[in-house]
Amino acid sequence: MIWYTALVLAVAGERLAELAVALRNTRWALARGGTESGRGHYPAMVALHTALLAGCLAEAGMADRPFVPLLGWTMVAVVVAAQALRWWCIRTLGHRWNTRVIVVPGLPLVTGGPYRLLRHPNYVAVAAEGLALPLVHGAWVTAVVFTVLNGALMAVRIRCEEEALASAGGVPA
């Protein structure tokens, strides 16, 4: 379980790196007239993602979940792929990427990188990671609970983003 704890802590470290990027990008967007939407759901999102990490370790440890190699290693590959997709999104959006919904009026929508394939690829990464990370070590309750709650949250979040982009005049580039 030591290596699983290290994996979950590495994902937590990655999340802290995301927050550092988001803070820098928030300053950039606000300096250019960006406006934030969806403040109401943001604390729930932070709580859910924090609970995911804690739930992975708590369930795997307290319920004595075994590591099943075929499932575990497959899910490690999914976690790695989710991280790669997330950072592809961050790189593609550049200063526009954020953990919050902040839109700078007049900027065209980004349609390159993973955005040429999907409208919201970052949320595919979140969903994949939220399912796979717990399953690496058999924490299936955490995987199911996160997936259900994240689905509900993403319905709110995506609607919020779409409305913010539309009101700011974001059109495909």
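Details of the structure are given in the entry above.
What counts, and at which threshold
- Note on numbering: residues in each chain are counted from 1, in written sequence order.
- Local features in this predicted model are restricted to residues of pLDDT 70 or higher, and side-chain atom pairs are both shown and tallied only at a pLDDT of 80 or more, whereas totals for entire chains, interfaces and linings draw on every residue.
- Each side-chain value is worked out from all heavy atoms of the structure, with water and hydrogens disregarded.
- Numbering goes from the N terminus for both helices and strands, where a helix is a DSSP run of H or I of at least four residues and a strand is a run of E of at least two.
- The size measure is the radius of gyration over C-alpha atoms, and the globule rule it meets is 2.2 Å times the number of residues to the 0.38 power.
- The contact rule is simple, with two residues in contact once any of their heavy atoms fall within 4.5 Å.
- For every accessible area listed, the method is Shrake-Rupley and the probe measures 1.4 Å; residues are considered covered only by the protein chains on display.
- Think of it this way: Lys and Arg go in the positive column, Asp and Glu in the negative one, and His and the chain ends go nowhere.
- By convention, the point assigned to a charge is CZ for Arg, NZ for Lys, CD for Glu and CG for Asp.
- Among the buried residues, those of types Ala, Val, Leu, Ile, Met, Phe, Trp, Tyr and Cys that are joined through side-chain atoms within 4.5 Å form a nonpolar core.
- Residue burial is assigned from relative accessible area. The probe radius is 1.4 Å, only protein chains are included, and a residue is buried under 20% of its type maximum, exposed over 50%, and partly exposed in between.
- As used in this structure description, the phrase polar contact means that two N or O atoms lie within 3.5 Å; if the pair is within protein, one of them must be able to donate a hydrogen and the other to accept it, and residues adjacent in sequence are counted only when both atoms belong to side chains.
- The axes are straight lines fitted to the C-alpha atoms, using for helices just the contacting stretch, and the angles between their N-to-C directions are given from 0 to 180°.
- Here the angle decides the label: under 35 degrees means roughly parallel, over 145 means roughly antiparallel, 65 to 115 means roughly perpendicular, and every other value means oblique.
- Three classes are used, and their members are as follows: Ala, Val, Leu, Ile, Met, Phe, Trp, Tyr, Cys and Pro are nonpolar, Asp, Glu, Lys and Arg are charged, and the others, Gly among them, are polar.
- Working definition: a ring pair exists when centres of Phe, Tyr or Trp rings (six-membered ring for Trp) sit within 6.5 Å. Plane angles under 30 degrees give stacked, over 60 give edge-to-face, the rest tilted.
- Each patch is assembled from residues with relative accessible area greater than 30% and no salt bridge, linking like charges that lie within 9 Å and nonpolar side chains (Val, Leu, Ile, Met, Phe, Trp, Tyr) that lie within 5 Å.
- What makes a salt bridge here is a side-chain nitrogen of Lys or Arg within 4 Å of a carboxyl oxygen of Asp or Glu, nothing more.

*Asks:* Can you walk me through the overall build of the protein in this structure?
*Replies:* Looking only at helices and strands, the protein has five helices and two strands in total. Reading the secondary structure of the protein in the N-to-C direction produces α-β-α-α-β-α-α. For 173 residues, the compact-globule estimate of 2.2 N^0.38 gives 16 Å, and the protein sits close to it at 17 Å. In the protein, the proportion of contacts linking residues at least 24 apart, taken out of those at least 6 apart, comes to 86%. Summed over its atoms, the accessible surface of the protein is roughly 8,800 Å², and 72% of this surface lies on carbon and sulfur atoms. Averaging the coordinates of the 14 positive side-chain charges in the protein and doing the same for the 9 negative ones gives two points 9 Å apart.

*Asks:* What is the right way to look at the nonpolar core in this model?
*Replies:* Soluble globular proteins tend to pack their nonpolar side chains together in the buried interior. Tyr4, Leu7, Val8, Cys56, Val79, Leu133 and Val136 are the most contacted members of the largest nonpolar core, which has 24 residues in total. Only helix H1 (2-31), helix H2 (42-62), helix H3 (69-93), helix H4 (121-135) and helix H5 (140-167) provide two or more residues apiece to this core. With seven residues, H2 is the single largest residue contributor to this core. Beyond its immediate chain neighbours, meaning those up to four positions away, Leu133 contacts Tyr4, Leu7, Val8, Val11, Leu53, Cys56 and Val79. If you look at the next biggest cluster of nonpolar residues, it comprises ten residues, including Ala82, Trp97, Tyr115 and Ala125.

*Asks:* It is not clear to me how the side chain of Thr99 should be interpreted in this structure. Could you clarify?
*Replies:* Note on placement: Thr99 falls in the loop between H3 and strand S2 (101-103). With relative accessibility at 12%, the residue Thr99 sits in the buried group. A distance of 2.9 Å separates the side chain of Thr99 from the side chain of Tyr42, its partner in a polar contact. Thr99 has contacts with Glu18, Leu19, Ala22, Tyr42, Met45 and Arg157, leaving out every residue within four places of it along the chain.

*Asks:* Looking at this structure, I do not really get the packing of H1 against H4. What am I missing?
*Replies:* The axes of two packed helices give the description: the angle between them and the distance between them. Where H1 meets H4, the closest approach of the two axes is 10 Å, and the angle between their N-to-C directions is 155 degrees. As the angle between them shows, H1 and H4 are arranged roughly antiparallel. Listed contacts from H4 to Tyr4, Leu7, Val8, Val11 and Arg15 of H1 are Glu129, Leu133 and Pro134. Tallied by class, the residues present in the contact of H1 with H4 amount to six nonpolar, no polar and two charged.

*Asks:* Help me out: how do you make sense of unusual backbone geometry in this one?
*Replies:* One can expect most non-glycine residues to show negative phi and most peptide bonds to be in trans. Phi at Asp64 is positive, roughly 55 degrees, even though this residue is not glycine. Following the sequence through the fold, Asp64 ends up in the loop between H2 and H3.

*Asks:* Looking at this model, I keep getting lost on the packing of aromatic side chains. Mind explaining?
*Replies:* When we look at a pair of aromatic rings, we describe it by the centre distance and by the angle of the planes. Using the criterion set out here, one finds four aromatic pairs in the structure. Geometrically, the ring pair formed by Trp3 and Tyr4 is edge-to-face, given 6.2 Å between the ring centres and 70 degrees between the ring planes. When its relative accessible area of 0% is taken as the criterion, Tyr4 is described as buried. Between Trp3 and Phe67 the ring centres are 5.0 Å apart and the planes differ by 90 degrees, which places this aromatic pair in the edge-to-face class.

*Asks:* For this particular structure, what's the right way to read a nonpolar patch on the surface?
*Replies:* A surface patch of nonpolar side chains, amounting to about 550 Å² of accessible area, comprises Trp140, Val141, Val144, Val145, Val148 and Leu149. Take Val145: it is sitting in helix H5.

*Asks:* Quick question: what am I supposed to make of the pattern of salt bridges here?
*Replies:* In a structure, side chains of opposite charge can pair up when their charged atoms sit close to one another. One pass over the structure, following the stated rule, counts eleven salt bridges. Glu129 is the salt-bridge partner of Arg15, the closest N and O atoms lying 2.0 Å from each other. A residue pair is termed long-range when its members are at least 10 positions apart, and Arg15 in helix H1 and Glu129 in helix H4 qualify at 114 residues. With respect to class, Arg15 is no different from Glu129; both count as buried. Of the charged contacts in the structure, one is a salt bridge between Glu36 and Arg100, with a shortest N-O distance of 3.0 Å. Taken together, the residues Glu36 in strand S1 (residues 35-37) and Arg100 in the loop between H3 and S2 connect sequence positions 64 residues apart. For Glu36, a relative accessible area of 23% gives the class partly exposed. Here Arg100 falls in the partly exposed class, since its relative accessible area comes to 31%. Through salt bridges with shared partners, a single ionic network connects Glu14, Arg15, Glu18, Arg86 and Glu129.

Note that all results are geometric; they support no functional claim without further evidence.
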